[in-house]
Amino acid sequence: MTLRRFTLLLFILISILSMPVMAQITTGNEVPDIDYNLPRKYTIGGITVTGVKYLNSSVLISLSGLQVGNKIDIPGERIRSAMDKLWQQGLFEDVKIVATGVQDDQIFLEIRLTERPRLAKFDFSGIRKGEGDDLKDKIKISKGDVVTDNLLMRVTNTIKKHFVGKGYFDASVDIKQVKDTAMLNNVALNINIKKGGRVKIGRVNIIGNKQLSELTLKSALKKTKEKGSYRVLYTVQESFFGLFDHILRKDLKNYPEYVQEVADKNMKFRIFKSSKFIEKEYEEDKIALVKKFYENGYRDATLVKDSIYKTGHNDITIDLHVYEGDKYYYRNISFVGNTKFTATELAILLGIHKGDVYNQDQLDASLQFNPNGIDLMSLFVDDGYLTCTIEPIEISADNDSIDLQIRIREGKQMNVSRVTVAGNTRTNDHVIIRELYSRPGQLFSRSDILRSRTSLTQLKYFDQEKIDIQTPNIDPTNGTVDVAYKVEETSSDQLELSGGWGYGRLIGTLGVSFNNFSARNFFKKGAWKPMPSGDGQKLSLRLQSYGKGYLSASASFTEPWLGGKKPNQLSVSTFVSAYNNGYAKTSASYYAYNITGLSFTFSRRLNWPDNYFNLSQSINLQHYQLDNYTLFGKKSNGLYQSYSYSIALGRYSTDAQIYPRAGSELNLSLEMTPPYSLLAPDWFAAKSADDKYRMIEFNQWKMSGAFYQQIVGDLVLMARTKVGFLGKYSSDIEVTPFNRYFMGGDGMSGYSAIDGRQLIGFRGYANESLTPDADKATQAGGVVFNKSTLELRYPLSLNPNSTIFGLVFVEAGNDWASFNQFNPFDVKRSAGIGVRVFLPMFGLLGLDWGYGFDKIPGMPSANKGQFHFSMNSSID
């Protein structure tokens, strides 16, 4: 480069650098011109700020770095720096610094600003209202915010990130600013969102695993699932390569079993899974992937990195790079610090043996976090060692073997000092306290705490999700602990107002149950709100009718703690029913009946085999006054009497009343009348055929069981079975025509008191359509039935004021006219869906649709899809 050319370039560079300096400051109309070619030092005599409405002038002057009294060069760097600082705030569309006056060596400055617009409102387009509501909480903008480039960029990025996290990788955001005509310098933002297509997970590649198969690892990815076509591809691919492996190992005889295993794992049907990409679920699955290594002994395993990239229009591929490490095994396990239990006892409960694969989750569960059984910690805490600590220490890790020392600090046994209850606004304290198993003076026990919770739940007075149990005051010095129970009341009284179809008529029912009644406050004026309550008693009243032809009324009262000291329950109930078929008494078709009944039931809670058992005994009295009513094909008149004794053994351990997730309900009962035909055979033989049935005799055996198992989350599997048998004492007579089983439908048909019949609900079939028909020699109704049900339940709402859950079911069962016909494999089958809604005022309401798979002779439409309405589990 020549010297002349270099001199020219240098001159141009100096000229360019000097241009901004000359533009730093402008002068007002009445201010003497400032010669920018001759820099001069001035003292700032004053600074004003104009053009701002929402910002503080003093703060802005401070941000500029200029102060009155400062000496500055004009032109000079201080003015440029002040303007840069104001620009950097991002609050202005224009920034100028103007000289408004010069007196001798003093200069007066004006900072002229044009504010960026403020946000008046914003709205979304292109998405649903619910999606917009979710975004409002995420973008965090509000009226009055300054609309800056940074704000617009932040909103755009937040929205895109939100939808990418939901699988919309191509989401775009277009924000338009619209001037607000109502307010100056305000704008409205219209945020238009195009989500684009939702991506599917085409393939998941796990890279770096050596021993654990990709199939095993992918089973840990509960929510990150590939498209079905890839599962087929994987099955074919792995079966093909597996063939070569089996040929090399000369193990072809086991190759078919290998192919079946590959197909089972790859093509397993997942009813609730899809190949959608959800970022939150993906992050959870990455953690689960590493845990899968840990479960199989690879405790050094890590997820090195992961990448997600598009491989099609709406397909993505996920690469998960892992480090597997070595597989570890347990070698020696020892216990230190235990004095209460021997090392042998602890080792048996621990359930881990020398040579077992190292599994941290299994170890944690065995020590103190086992949700499905007893662990070491619960063993100590149940014996009062509340402050016990258990710490597993790896004392050696040689090659692939780990020596484990479990260090136990038992602490001091703790006794319960005080037990308090709070939150009960209607239920009296003594009603709650008498249900508790943790008592002052007793050793603290976690089992007692859990059992107390179950008892409180079974009362149905409190929100089962909000029963809280705390140990607020632990005093290790004195060995005492306080236990505090906190509950939240929910409505427990119920009103039944319904209409049902039975025997060709619409039957109305009105009933009310006061489940937390207080008889001792019945005559207390201030206790009627609207009924005396708080003592845990139950009063039920019910009326059923369709008009003058049928009327049924019943009443019952239950005292759960007779005498107030022990859980001995006494129930008294009575009912009366009157019916006629509407024909004139002179008609041959006329018949009528009147039934009255009274029963006394005494039950008590048992402590053996455990305190979930109870034993109940009842005395039942019923009178049937028949008028031209058909029994065994003949018209019968007069009084028929039933006096029976029943005994039932039950065990109820469900963790909740409305939506149980765990536990069981078991019941075995026997009801019997005196065996008149055996006690006085000669007197009985002398009776006419009709009179032999006037003193009703029978023995009835029933068994039922229901089991609840939490599958995943709140998804629950319920299995239930019921069996009933109605027998006789003498071979000279038929089984009583009363108390027989009528199966089919919703179990809510009217006239449930007619001839004492017992209604067995069975979804998918018409009411009583599975009941054995009567002929001239026999009586309608079954004497043997069985019914089995499987339900898969999922809650839609666990709000105690409106608990809602959906279900799918399959049922099988039948009803037989005699024990000789009984065949447990000859069953009718059905399947369907349903929903349950618990409203405290009405109880548990149900709506089901079921389809029966078996035809009913003479009833071609009885199984062709049926809707069923039920109340308080009548269909169970």
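Residues numbered from 1 in each chain as written. Predicted model: local features only at pLDDT ≥ 70, side-chain atom pairs only at ≥ 80, totals over all residues. Heavy atoms only, no water.

*Asks:* Looking at this structure, I do not really get the overall build of the protein. What am I missing?
*Replies:* The helix and strand inventory of the protein stands at 16 helices and 36 strands. Residue burial in the protein is summarised as follows: out of 876 residues, 42% are buried. Considering only contacts in the protein between residues 6 or more positions apart, those separated by 24 or more positions represent 61%. (Helix = DSSP H or I, 4+ residues; strand = E, 2+ residues; numbered from the N terminus. Buried < 20%, exposed > 50% of the residue type's maximum accessible area, 1.4 Å probe, protein only. Contact = heavy atoms within 4.5 Å.)

*Asks:* Before we go on, may I ask you to explain the pairing of strand E21 (residues 537–547) in this structure?
*Replies:* Along any regular strand, the residues point their side chains to alternate faces of the sheet. The pairing of E21 with strand E22 (residues 550–559) spans nine bridges and is antiparallel. Bridged to Gln544 within E22 is Ser552. The turn linking E21 back onto E22 is made up of two residues. (Pairing = 2+ DSSP bridges.)

*Asks:* For this particular structure, what's the right way to read helix H4 (residues 129–139)?
*Replies:* Those residues of H4 that fall on the buried side of the exposure criterion are Glu131, Gly132, Leu135 and Ile139. Around the axis of H4, the buried residues are gathered within 95 degrees of arc, so they sit on the same side. Seen from the open side of H4, the exposed residues pointing more than 90 degrees away from its buried face are Lys129 and Asp137. Phi turns positive, to about 55 degrees, at Lys140, one or two residues after H4. (Arc of directions from axis to C-beta.)

*Asks:* Would you take a moment to explain the sheet that holds strand E13 (residues 389–398) for this structure?
*Replies:* Two modes of strand pairing occur in sheets, parallel and antiparallel, and in both the strands are linked by backbone hydrogen bonds. Taking strand neighbours across the sheet as the criterion, the three strands line up as E12-E14-E13 in an open arrangement whose pairing is mixed. A single partner strand is all that each edge strand has here, and the edge strands are strand E12 (329–336) and E13. Taken pair by pair, the neighbouring strands of this sheet meet at an average axis angle of 20 degrees, ignoring direction. The pairing of E13 with strand E14 (residues 401–409) spans nine bridges and is antiparallel. Within E14, the position partnered with Ile390 by the bridge is Ile408. (Axes fitted to C-alpha atoms, helices over the stretch in contact; angles between N-to-C directions.)

*Asks:* Explain the pairing of strand E2 (residues 40–50) to me, please; I cannot follow it from the model alone.
*Replies:* Relative to strand E3 (residues 71–74), E2 runs antiparallel, the two being bridged by four bridges. When the bridges of E3 are listed, Arg40 appears paired with Ile74.

*Asks:* Is there a simple way to think about the packing of helix H2 (residues 57–64) against helix H3 (residues 77–87) in this case?
*Replies:* The axes of two packed helices give the description: the angle between them and the distance between them. The interhelical angle for the contact between H2 and H3, taken along N-to-C directions, is 125 degrees, at an axis separation of 8 Å. As summarised for this structure, H2 and H3 are arranged oblique, according to the angle between their axes. Facing Leu60, Leu63 and Ser64 of H2, the residues of H3 in contact are Ala82, Lys85 and Leu86. (Parallel < 35°, antiparallel > 145°, perpendicular 65-115°, else oblique.)

*Asks:* Help me out: how do you make sense of the confidence of the model for the protein in this one?
*Replies:* Note that predicted coordinates carrying low pLDDT should not be read in detail. Across the protein, the average pLDDT comes to 86, with 88% of residues at or above 70. A low-confidence stretch, residues 14–24 (pLDDT under 50), is modelled with 12 contacts involving residues beyond four sequence positions or located in other chains. Ignoring residues within four places in sequence, the model shows residues 267–273, a span with pLDDT below 50, making 12 contacts including any to other chains. (pLDDT = per-residue confidence, 0-100.)

*Asks:* When you look at the sheet that holds strand E11 (residues 315–323) in this model, what are you seeing that I'm missing?
*Replies:* Here we have three strands laid out as an open sheet, ordered E9-E11-E10, and mixed in their pairing. This sheet does not close on itself; its edge strands, each paired only once, are strand E9 (200–207) and strand E10 (302–310). Neighbouring strand axes in the sheet, compared pairwise and without regard to direction, differ in orientation by 15 degrees on average. Summarising the sheet, E10 and E11 pair through eight bridges and their orientation is antiparallel.

*Asks:* Can you walk me through a nonpolar patch on the surface in this structure?
*Replies:* On the surface, Val808, Ile833, Leu847, Trp849, Tyr851, Phe853, Phe867 and Phe869 cluster together into a nonpolar patch covering about 790 Å² of accessible area. For the nonpolar patch, the secondary structure elements donating two or more residues are strand E35 (843–852) and strand E36 (866–871). Here the nonpolar patch gets three residues from one element, more than from any other, and that element is E35. (Patch = residues over 30% accessible without salt bridge, like charges linked within 9 Å, V, L, I, M, F, W, Y side chains within 5 Å. Areas by Shrake-Rupley, 256 points an atom, 1.4 Å probe, with all protein chains shown as cover. Salt bridge = Lys/Arg side-chain N within 4 Å of Asp/Glu carboxyl O.)

*Asks:* Can you help me understand a positive patch on the surface in this one?
*Replies:* Side chains of Lys138, Lys140, Arg154, Lys161, Lys166 and Lys280 sit close together on the surface and give a patch of like positive charge. When its relative accessible area of 35% is taken as the criterion, Lys166 is described as partly exposed. (Lys, Arg positive; Asp, Glu negative; His and termini not counted. Charge placed at Lys NZ, Arg CZ, Asp CG, Glu CD.)

*Asks:* I would appreciate a short explanation of the environment of Ser307 in the present structure.
*Replies:* With respect to the secondary-structure elements, Ser307 resides in strand E10. A relative accessible area of 28% places Ser307 in the partly exposed class. For Ser307 and Thr317, which are 10 residues apart along the polypeptide, the C-alpha to C-alpha distance reads 8.3 Å.

*Asks:* Got a minute to help me understand the packing of aromatic side chains in this structure?
*Replies:* Ring pairs (aromatic) are described by centroid distance and by the angle formed between their planes. Throughout the structure, instances matching the rule amount to 29 aromatic pairs. Here Phe277 and Tyr282 contribute two aromatic rings whose centre-to-centre distance is 5.4 Å and whose plane-to-plane angle is 50 degrees, an arrangement assigned as tilted. Judged on exposure class, the residue Phe277 and its partner Tyr282 are both buried. Three or more aromatic residues joined by ring pairs make a cluster, and in this case those are Tyr546, Tyr550, Tyr579, Tyr591, Tyr593 and Tyr629. Over the ring of Tyr612 we find Arg451, and its NZ or CZ is 4.0 Å from the ring centre. (Phe/Tyr/Trp six-rings, centres within 6.5 Å; stacked < 30°, edge-to-face > 60°. Lys NZ or Arg CZ within 6 Å of the ring centre and 35° of its normal.)

*Asks:* I tried to follow the packing of H4 against helix H5 (residues 149–164) on my own but got confused; where do I start?
*Replies:* Two numbers describe how H4 lies on H5: the axes approach to 10 Å, and their chain directions differ by 130 degrees. Here H4 is positioned oblique relative to H5, judged by the angle of their axes. Taken as a pair, H4 and H5 cross one another with a handedness that is right-handed. Only Arg154, Val155, Thr158, Ile159, His162 and Phe163 of H5 make contact with H4, whose side of the interface consists of Glu131, Leu135, Lys138 and Ile139. For the contact of H4 with H5, the class distribution of residues is five nonpolar, two polar and three charged. (Left-handed = near helix turned anticlockwise from the far one by under 90°. Nonpolar A, V, L, I, M, F, W, Y, C, P; charged D, E, K, R; others polar.)

*Asks:* I keep staring at the environment of Ala288 and nothing clicks. Help me out?
*Replies:* With respect to the helices and strands, Ala288 occurs in helix H9 (residues 279–295). A residue is classified by how much of its surface remains accessible, and Ala288, at 23% relative accessible area, is partly exposed. Considered as a pair, Ala288 and Lys218 are 70 residues apart in the sequence and their alpha carbons are 9.8 Å apart.

*Asks:* I tried to follow unusual backbone geometry on my own but got confused; where do I start?
*Replies:* Note: most peptide bonds trans; most residues except glycine with negative phi. The residue after Lys529, namely Pro530, is reached through a cis peptide bond having omega -5 degrees. As for its position among the elements, Pro530 is in the loop between strand E20 (505–517) and E21. Here Trp608 and Pro609 are connected by a cis peptide whose omega angle stands at 0 degrees. Along the chain, Pro609 turns up in the loop between strand E24 (592–605) and strand E25 (613–631). Despite not being glycine, Asp104 shows a phi value in the positive range, around 55 degrees. Within the secondary structure, Asp104 sits in the loop between strand E4 (92–103) and strand E5 (106–115). With a phi close to 55 degrees, Asn399 is a non-glycine residue in the positive phi region. Tracing the chain through its elements places Asn399 in the loop between E13 and E14. With relative accessibility at 71%, the residue Asn399 sits in the exposed group.

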